[in-house]
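# A structural walkthrough
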Amino acid sequence: MNKEWFLNTGLLEQYALGLTNEEENQEVEKYLNAFPELNKEVDAIQKAVEQYALQHAVPPPKNTKSNILSEIDSIENKARIKTAPNRRSSGRWWLAAAAILGFATTIALFFLYAQKQAQYQNLASEFESFRTDCEIEKQRFESDEKLFAFLKDPNTKKIYLGGLDPKSTHQAIAYWNPSTQKAIVNLSNLPTLPDDQQYQIWGDIDHVMVNAGILVDDQSQLQEIKFLEKAETLNITIEPKGGSEAPTVANLIVAGKV
Amino acid sequence: MKTRPDQIIKLLAQKDKRAISILYDQYGPALYGIILKIVKKEAIAQDVLQDSFIKIWKNGPMYNSQKGTLFTWMLNIARNTAIDKTRSKHYRVNDFIEEVSHEHGNSLEWSFAPKPEHIGLKKIINNLDEKYRLIIELIYFRGLSQQEVHEQLNIPLGTVKSRLRIGLRELRKVFDIQNIPLIVFIFFS
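Analysis parameters
Residues numbered from 1 in each chain as written. Chains lettered and ligands numbered in written order. Predicted model: local features only at pLDDT ≥ 70, side-chain atom pairs only at ≥ 80, totals over all residues. Heavy atoms only, no water. Phe/Tyr/Trp six-rings, centres within 6.5 Å; stacked < 30°, edge-to-face > 60°. Helix = DSSP H or I, 4+ residues; strand = E, 2+ residues; numbered from the N terminus. Buried < 20%, exposed > 50% of the residue type's maximum accessible area, 1.4 Å probe, protein only. Lys NZ or Arg CZ within 6 Å of the ring centre and 35° of its normal. Polar contact = N/O pair within 3.5 Å; in protein donor to acceptor, adjacent residues only side chain to side chain. Expected span 1.5 Å × (residues − 1). Arc of directions from axis to C-beta. Contact = heavy atoms within 4.5 Å. Buried area = accessible area lost by both parts, 1.4 Å probe. Salt bridge = Lys/Arg side-chain N within 4 Å of Asp/Glu carboxyl O.

All right, on to the packing of aromatic side chains then. Within this structure, the stated rule accounts for nine aromatic pairs over all chains. Ring plane angle 35° and centroid distance 4.7 Å describe the contact between tryptophan 176 of chain A and phenylalanine 227 of chain A, whose orientation is recorded as tilted. With tryptophan 176 of chain A in strand β2 (residues 171-177) and phenylalanine 227 of chain A in the loop between β6 (223-225) and β7 (233-240), this pair connects stretches of sequence that are 51 residues apart. Aromatic side chains tyrosine 27 of chain B and phenylalanine 71 of chain B sit 4.3 Å apart centroid to centroid with 15° between the ring planes, which places their arrangement in the stacked category. Residue tyrosine 27 of chain B is located in helix α2 (residues 17-39), and its partner phenylalanine 71 of chain B is located in helix α4 (residues 70-88); the two are separated by 44 residues in the primary sequence. On the basis of relative accessible area, phenylalanine 71 of chain B is assigned to the buried category, the value being 4%. Joined through ring pairs, the aromatic side chains of Phe6, Tyr31 and Phe35 of chain A make up one cluster. Its end group placed over the ring of tryptophan 57 of chain B, lysine 15 of chain B keeps NZ or CZ at 4.6 Å from the ring centre. Taking NZ or CZ as reference, arginine 79 of chain B lies 5.1 Å from the ring centre of tyrosine 140 of chain B, over its face.

With that settled, the discussion passes to the side chain of histidine 56 of chain A. Residues and elements named next belong to chain A. Structurally, the position occupied by histidine 56 is in the loop between α4 (38-55) and α5 (64-83). Classification of histidine 56 by relative accessible area gives buried; the value is 2%. For histidine 56, the side chain forms a polar contact with the main-chain oxygen of tyrosine 52, separated by 2.7 Å.

Attention shifts here to α5 of chain A. For α5 of chain A, built from 20 residues, the straight-helix expectation of 28 Å at 1.5 Å per residue is met to within 8% by its first-to-last C-alpha distance of 29 Å. Restricting attention to buried positions, one finds in α5 of chain A the residues Thr64, Ile68, Leu69 and Ile72 of chain A. For α5 of chain A, the buried positions fall inside an angular range of 140° around the axis, keeping them on one side. For α5 of chain A, exposure combined with an orientation more than 90 degrees from the buried face picks out Lys78, Arg80 and Ile81 of chain A. Where α5 of chain A is buried, its residues contact α2 and α3 (42-59) of chain B.

What follows deals with the interface of chain B and chain A. Size of an interface: often given as the accessible area lost when the parts come together. Opposite the 49 residues of chain B that make contact, chain A presents 40 residues. Taken together, both faces of the contact between chain B and chain A bury some 4100 Å²; the carbon and sulfur share is 66%. At the surface where chain B touches chain A, the tally comes to three salt bridges. Glutamate 13 of chain A is the partner of arginine 165 of chain B in a salt bridge, and the nearest nitrogen-oxygen pair spans 3.5 Å. Viewed at the interface, chain A and chain B are joined by ten residue pairs in polar contact (both at pLDDT 80 or more). Elements supplying a minimum of two residues to the side of chain B that touches chain A: α2, α3, α4, α7 (130-141) and α9 (157-177) of chain B. In terms of residue count, α2 of chain B provides more of the side of chain B that touches chain A than any other element does, 14 residues in total.

Structure representation (structure tokens):
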């Protein structure tokens, strides 16, 4: 460490005037430690500057001191507010957030409920219509079963009703069961009637024609008719729509012996 | 009851407002004088003085007596704050250097000029060679670095450094002389 060299750098004077940076400070302090007499130089320079400042003192404006002290107060107050535990206001924040969340959830749930309710209603009514269809099918099945059983029944007699003219192809078939007292007829081959006419079937009891039923003009249908126990023959006539009290004998189309 | 220096330092370390009150009374005007020589305008100088004391209060706990006296520490804060202010307000430093280096008349406003009432002092400082006054003016009151002075005045860096040294030594002589009683001084001037 060269004292002469160091003094030539001018660093000592700059250090004394407060013009040096941290790096330069450390450098100077190394030399001050090595050459303690240099401290006197530093002190002397600083004292000269202090004296110069004191001798050139100027009274500042009157409100300066109070400005300084009140600014210190406000800085201290701000610091106090910042470090105080923000529990209440942060609690309020949480409360607000929770309330908003709760409210939003409630609204969402309400809409979800309404939607589910509508879906449920849909399903319910669909189910109802399915059930009704099911009932109908069940009933159809049951009646088909009954019919099938009826036809298979050994006591069911098959009666062919044919035209009076041997050349006629007209035919109807009746199913006659005395034990269950049930009868069914099928217009297997009868002409289609105009809208104002209908087929009617009669049973001949002691030479009296008794009405056994008005028939629907449908060849596929097996139609139930009245079971007339004492009937000797079955006869189908063409009558005006709605049927007649007594048969129009001239319109007899098919007949058969029971 | 006057507060002892070590007591003031203690209060300052605790960021006690009372320390600032005492230091303002004691050194406020001295700091204000230096600041005024740097920024020139009273309104700006007041701002700088206030800012300086706030910094002194904030950094009080960091003051280390090994680095120098409290007053010097405060002076440095005040000076740095003032220099920063001149930089931020776009002082045309270059123009100033031209004026300062070429003018020889008394009409020029030197920051480093002595108070009129200190006639004896003025004599001594005026005797201080202009070249030393210039260096001290530029480096201390204008905040230029030695490098900047070298570049702008076109004088060798080594010359800048030696002039600062000698100038400060001469300045010290001024204040060493001042330790002699004033009557004797006037008598001899």
